[in-house]
Amino acid sequence: MGLLLLGIALVLWRVFGSPQDWEGGMRWLRTGLMLGALGAIGLSARLIFPDTEGDAPDEVSEKADGAAPEERP
C-alpha cells in the first residue's frame, strides 16, 4: 500500500505542483520520475493482488464440467 501511495503522490506532485521550468536535461529527469511512478503503481498492484496457481483453472475442474455425473470425482 505504501508503494502505491508513493507512486500516486509522485504523479500528483508532478502534475500539480512541480516546477514547470524543467527544460533541457531536467526534462529527462521529469520523464524518468513519471515512468518510475507509473512503474511503482504497477508493481504495487502486483504485490497487492498476486497471481496464484489457485486462481488458474485446473484440468480436474475442466474435465468435471464436461464429464458425465458418474465420471465426476
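Residues numbered from 1 in each chain as written. Predicted model: local features only at pLDDT ≥ 70, side-chain atom pairs only at ≥ 80, totals over all residues. Heavy atoms only, no water.

Chemist: Could you give an account of a nonpolar patch on the surface, naming the residues involved and the relevant values?
Modeler: The grouping of Leu3, Leu6, Leu43 and Leu47 at the surface amounts to a nonpolar patch, some 380 Å² of accessible area in total. Those elements giving two or more residues to the nonpolar patch turn out to be α1 (2-16) and α2 (25-48). The residue Leu6 is located in helix α1 in this model. In this structure Leu6 comes out as exposed when scored by relative accessible area, which is 57%. (Patch = residues over 30% accessible without salt bridge, like charges linked within 9 Å, V, L, I, M, F, W, Y side chains within 5 Å. Areas by Shrake-Rupley, 256 points an atom, 1.4 Å probe, with all protein chains shown as cover. Salt bridge = Lys/Arg side-chain N within 4 Å of Asp/Glu carboxyl O. Helix = DSSP H or I, 4+ residues; strand = E, 2+ residues; numbered from the N terminus. Buried < 20%, exposed > 50% of the residue type's maximum accessible area, 1.4 Å probe, protein only.)

Chemist: Kindly report on α2, identifying the contributing residues and their values.
Modeler: Counted at 1.5 Å a residue, the expected span for α2 with its 24 residues is 34 Å, and the 35 Å between its end C-alpha atoms agrees. Taken together, the buried positions of α2 are Ala37, Ala40 and Ser44. In this structure, the buried residues of α2 make contact with α1. (Expected span 1.5 Å × (residues − 1). Contact = heavy atoms within 4.5 Å.)

Chemist: Any chance you could break down the environment of Gly7 for me, citing the residues and the numbers?
Modeler: Locating Gly7 in the fold gives a position in helix α1. Taking the C-alpha atoms as reference, Gly7 lies 4.5 Å from Ala37; in sequence the two are 30 residues apart. Aside from chain neighbours lying at most four places away, what touches Gly7 is Ala37, Ala40 and Ile41.

Chemist: Run through the packing of α1 against α2, naming residues and quoting values.
Modeler: The contact between α1 and α2 brings their axes to 8 Å, and the two run at 155°. The orientation of α1 with respect to α2, classified from their angle, is roughly antiparallel. Considering only the axes of α1 and α2, their crossing is left-handed. Listed contacts from α2 to Leu3, Leu4, Gly7, Ile8, Leu10, Val11, Trp13 and Arg14 of α1 are Arg30, Leu33, Met34, Ala37, Leu38, Ala40, Ile41, Leu43, Ser44, Leu47 and Ile48. Its residues assigned to classes, the contact of α1 with α2 comprises 15 nonpolar, two polar and two charged. (Axes fitted to C-alpha atoms, helices over the stretch in contact; angles between N-to-C directions. Parallel < 35°, antiparallel > 145°, perpendicular 65-115°, else oblique. Left-handed = near helix turned anticlockwise from the far one by under 90°. Nonpolar A, V, L, I, M, F, W, Y, C, P; charged D, E, K, R; others polar.)

Chemist: Mind laying out α1, listing which residues take part and the relevant values?
Modeler: In this model, α1 (15 residues) spans 21 Å end to end at C-alpha, consistent with the 21 Å of a helix rising 1.5 Å per residue. Regarding α1, the residues found buried are Gly7, Val11 and Arg14. The buried residues of α1 occupy one face: seen down the axis, they fall within an arc of 65°. Exposed residues lying more than 90 degrees from the buried face of α1 are Gly2, Leu5, Leu6 and Phe16. (Arc of directions from axis to C-beta.)

Function cannot be inferred from these measures alone, as they are strictly geometric.
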